[in-house]
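Structural overview
Below are the chains, spelled out letter by letter.
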Amino acid sequence: KARAAMAGGKGKKKKWSKGKSASKLQNAVLFDAKTYDKLKTDVPKMKIITVATVSERMKISGSLARVAMKEMESDGLIRRVLYHRRQQIF
């Protein structure tokens, strides 16, 4: 027993894994003409339109998506279904 207790400290030390890290998104913060035209044509055809879906599909920042959605609503291209301070669904 004593020998087993003494031998316990001689094992290899546990290496901690670095963990999984998500890759950083490089979303655009300003519109270029091509992205803006694509937004105007593709977004009204989407089944559900939220800030997250527009941001992900168009590779733009969330704040840019929010402003674009407000503009498209005022132009009559999309219609608001639900408005909450954190989640808008069009």
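Residues numbered from 1 in each chain as written. Predicted model: local features only at pLDDT ≥ 70, side-chain atom pairs only at ≥ 80, totals over all residues. Heavy atoms only, no water.

A few words on the side chain of Thr-35. Tracing the chain through its elements places Thr-35 in helix α2 (residues 33–42). Polar side-chain contacts of Thr-35 include one of 2.3 Å to the side chain of Asp-32. In this structure, Thr-35 is in contact with Met-58 and Ile-60, ignoring residues within four places of it in sequence. (Helix = DSSP H or I, 4+ residues; strand = E, 2+ residues; numbered from the N terminus. Polar contact = N/O pair within 3.5 Å; in protein donor to acceptor, adjacent residues only side chain to side chain. Contact = heavy atoms within 4.5 Å.)

Once that is clear, we can look at the environment of Gly-62. Locating Gly-62 in the fold gives a position in helix α4 (residues 62–75). On the accessibility criterion, Gly-62 (26% relative accessible area) is partly exposed. Note: C-alpha distance between Gly-62 and Ala-52 (10 residues apart in sequence) is 6.8 Å. Apart from residues lying up to four places away in sequence, Gly-62 is in contact with Val-51 and Ser-55. (Buried < 20%, exposed > 50% of the residue type's maximum accessible area, 1.4 Å probe, protein only.)

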